[in-house]
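This is what each chain is made of:
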Amino acid sequence: MAEIADVIVIGAGANGSSTAFHLAQMGAGKVVVVERGHLAAGATGKSGALVRMHYTNEPETRLAVESHRYFANWGELVGGECGFRPIGLLTFTPPEYRDHLEANVAMQREVGADARIISPDDALALDPSLYVGDVTAVAYEPRAGYADPNATTYAFARAAMDRGVEFKLDTRATRVLTGGGQVTGVETTAGTIQAPVVVIAAGAWANELFVPLGIDLGLVPVAARVTLFRWAFDRSPKHLTYIDQINNTWARPVDDNCTLIGAESGVRVSPDPEHAPEAVDENYIQVCREKLVARFPVMRHSTVRGNWAGILMMSPDARPIIDKLPQHEGLYCMTGDSGTSFKTSPAIGKCLAEWITEGRPKTVDLTPFRSTRFAEGKPWEDEYNYGIARATISR
Ligand SMILES: Cc1cc2nc3c(=O)[nH]c(=O)nc-3n(C[C@H](O)[C@H](O)[C@H](O)COP(=O)(O)OP(=O)(O)OC[C@H]3O[C@@H](n4cnc5c(N)ncnc54)[C@H](O)[C@@H]3O)c2cc1C
């Protein structure tokens, strides 16, 4: 006989696990999470995990501000550890976009972010190893930083399990079942589970579930790559997190002696997530070194200590799709993470759980994230971007 649940979540990354935790907290009944591998087996486990509120639009900023509240109060709101280190964030933007920077920081402050604009000299005081000759102003978020994406997912999952959620690991969802315009359950490699509500949070693998349902959201799996460099002898230990819109990179410290860097040019289409390479090539290491040295000249004397590639899912406008899908009653999704949806996973899970248990998302208005924006001819474009409208990891 088929197992019966109230809600099935497909995918145990940060977003699926957050959704499961919040569903349990809101009393959604029997919740089952189906995961083809292990916890954080997708983009989440490979994430740079920057936790910041600097976005160039209000809806994502709102998700980030609400999520930051979780990272900053993790023990109280979730329990366990998320490894959050609020060491600050500096955002570098081309000088010709100064008015955009000012507009964005003003918007961020309005929705609750602790954000401000500082001078290049102030930035230099925060990290004396910086090159700031190419900027006239820098955005600073003292309470931003980075977290441990695996620990975050484990903590969500542990808290969900403690509230009765069942996680079926090494179990693949092979098909979402529907009938009469309604979701009826999920077929998995370990049998069928019946449920009136299904949440697809399957990262780069989502198309294999959407296509048989006749749903085409224009999603494309892409690989994002990172390289790790040991700090040079004379690098200042005053290391923050950075988004560099001039060199199109992001960076953060690892183990208080290395810099992890990702370059926008390292993002490329990788159609088969099942067989995507997990390491980077020599060319990419050189690109990262060049860009790292451009912002931190002292790092020209640093040694490579590692690298990896992770696979994420781009939406057509590089913004996530978080929706109750109109095609089948009971079908919800968090998809098209577009390389930026770890930091927002607490709020995304909370909003989806509110939608399922209370009829609508209450914490943040998810209308801008609707799946139908493409069919409506209204793909998302930020008014105050910094020159690359559809950037991913360094946006
Ligand atoms: C190198 C890199 C750096 C990044 N840096 C940042 C950053 O600094 N800040 C930030 O906010 N974001 C960052 N991101 C993006 C962020 O990691 C992702 O947006 C986020 O982790 C997506 O989480 P998710 O739960 O939606 O998807 P995933 O983590 O991809 O989880 C999807 C899960 O679903 C499972 N699954 C898929 N198909 C099935 C199926 N059919 N049945 C069962 N299970 C299935 C997968 O195994 C996987 O575990 C980065 C990503 C990468 C790769």
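Because the structure is a prediction, the values reported are computed rather than measured. What you see as residue numbers is a count from 1 along each chain, following the sequence as written. Per-residue local features of the predicted model are confined to residues with pLDDT of at least 70, and side-chain atom pairs are confined, for both listing and counting, to 80 or more; whole-chain, interface and lining totals are unaffected and use all residues. Computation of side-chain values covers all heavy atoms of the structure but excludes hydrogens and water.

Trainee: Looking at this model, I keep getting lost on the pattern of salt bridges. Mind explaining?
Mentor: Opposite charge on two side chains lets them pair, provided their charged atoms get close. Salt-bridge detection follows one rule: a side-chain nitrogen of Lys or Arg within 4 Å of a carboxyl oxygen of Asp or Glu. Taken as a whole and judged by the stated rule, the model has 25 salt bridges. Taking the shortest distance from any N to any O, the salt bridge between E58 and R62 comes out at 2.7 Å. Placement of both E58 and R62 in helix α3 (residues 58–72) is noted, with a separation of four residues, approximately one turn of the helix. Relative accessibility thresholds used throughout: buried, under 20% of the residue-type maximum; exposed, over 50%; partly exposed, between the two (1.4 Å probe, protein chains only). Overall, E58 belongs to the partly exposed group, its relative accessible area being 35%. Among the salt bridges present, the one from E66 reaches R69, with a minimum N-O distance of 2.9 Å. On the criterion of helical spacing, the pair formed by E66 and R69 is a turn pair, its members being three residues apart in helix α3. The secondary structure listing takes helices from DSSP runs of H or I that are at least 4 residues long and strands from runs of E that are at least 2 residues long, numbered from the N terminus.

Trainee: Explain the site of the ligand here, please?
Mentor: It suffices for a single heavy atom of a residue to lie within 4 Å of a molecule or strand for the residue to be listed as near it. With respect to spatial proximity, 38 residues lie near the ligand, and among them E35, R36, T44, D337 and K343 are the closest. A 3.5 Å cut-off defines polar contacts: any pair of N or O atoms within that distance qualifies, except that in protein one atom must be a possible hydrogen donor and the other a possible acceptor, and neighbouring residues in sequence count only when both atoms are side-chain atoms. A distance of 2.6 Å separates an oxygen atom of the ligand from a polar atom in the side chain of D337. Within the contact set of the ligand, an oxygen atom lies 3.0 Å away from a backbone nitrogen or oxygen of F342. The protein chains shown are the only cover counted for residues, whose accessible areas, like all others here, come from Shrake-Rupley with a 1.4 Å probe. Isolated, the ligand exposes 1,000 Å² of accessible area, and the fraction of that covered by the protein chains is 99%. Definitions used throughout: a 1 Å grid over protein atoms alone; a cavity as a set of points that fits a 1.4 Å probe which cannot get out; a pocket as an open set with protein on both sides within 12 Å along at least five of seven lines; a lining residue as one with an atom within 4 Å of a point. Any molecule with more than half of its atoms within 2 Å of a cavity's or pocket's grid points is regarded as sitting in that cavity or pocket. Put simply, the ligand lies in the largest cavity. Contributions of two or more residues to the shell around the ligand are made by α1 (14–25), α2 (43–46), α8 (207–210), β14 (220–230) and β19 (304–314). It is α2 that contributes the most residues to the shell around the ligand, three residues altogether.

Trainee: Please clarify how the packing of α1 against helix α7 (residues 149–162) should be interpreted in this entry.
Mentor: What describes two packed helices is the angle between their axes and the distance between those same axes. The contact between α1 and α7 brings their axes to 8 Å, and the two run at 30 degrees. Judged by the angle between their axes, α1 and α7 are roughly parallel. Where α1 crosses over α7, the two elements pack in a sense that is left-handed. The segment α1 lies against α7, with A14, S17, S18, A20, F21, H22 and A24 engaging T153, F156, A157, A159 and A160. Gly falls in the polar group here, along with every residue not listed as nonpolar (Ala, Val, Leu, Ile, Met, Phe, Trp, Tyr, Cys, Pro) or charged (Asp, Glu, Lys, Arg). Of the residues in the contact of α1 with α7, the class split is eight nonpolar, four polar and no charged. Here an axis means a line fitted to C-alpha atoms, over the contact stretch when the element is a helix, while the angle between two N-to-C directions is reported on a 0 to 180 degree scale. Each angle is binned into one of four classes, with values under 35 degrees roughly parallel, values over 145 roughly antiparallel, values of 65 to 115 roughly perpendicular, and all other values oblique. Left-handed describes a crossing whose near helix is turned anticlockwise from the far helix through less than a right angle; right-handed describes the clockwise counterpart. Throughout, a residue-residue contact means that at least one pair of heavy atoms, one from each residue, lies within 4.5 Å.

Trainee: What should I look at first to understand unusual backbone geometry in this one?
Mentor: Peptide bonds are trans in most cases, and residues, glycine excluded, mostly fall at negative phi. Positive phi outside glycine occurs at A40, with the angle close to 60 degrees. As for its position among the elements, A40 is in the loop between β3 (31–34) and α2. Although it is not a glycine, D170 sits at a positive phi angle of roughly 50 degrees. Inspection of the secondary structure assignment puts D170 in the loop between β9 (166–168) and β10 (173–179). We classify D170 as exposed; its relative accessible area is 62%.

Trainee: Can you walk me through α7 in this structure?
Mentor: Given 3.6 residues per turn, any residue in an α-helix points the same way as the ones three and four places further on. A helix is expected to reach a length of 1.5 Å times the quantity of its residues less one. End to end, α7 covers 20 Å across 14 residues, agreeing with the expected 20 Å (1.5 Å per residue, within 8%). Here α7 has its buried residues at P149, A151, T152, T153, A155, F156, A157, A159 and A160. At the C-terminal side of α7, G164 shows a positive phi close to 100 degrees.

Trainee: Help me understand the nonpolar core in this model?
Mentor: One broad trend across soluble globular proteins is that nonpolar side chains are buried collectively. Side-chain atoms within 4.5 Å are what join buried Ala, Val, Leu, Ile, Met, Phe, Trp, Tyr and Cys residues into a set we call a nonpolar core. V7, L63 and F167 are the most contacted members of the largest nonpolar core, which totals 47 residues. Per element, the largest residue contribution to this core is seven residues, and it comes from helix α10 (residues 345–358). Those residues in contact with V7, other than ones at most four positions away along the chain, are L23, A28, K30, V31, V32, A195, V197, V199 and I356. Counting 26 residues, the second largest nonpolar core, distinct from the first, contains A5, L209, L219 and I321.

Trainee: Before we go on, may I ask you to explain the side chain of N385 in this structure?
Mentor: Mapping N385 onto the fold places it in the segment after α10. A polar atom in the side chain of N385 sits 3.4 Å from the backbone oxygen of D382. In contact with N385, other than residues within four places in its own chain, are T56, Y97 and H100.

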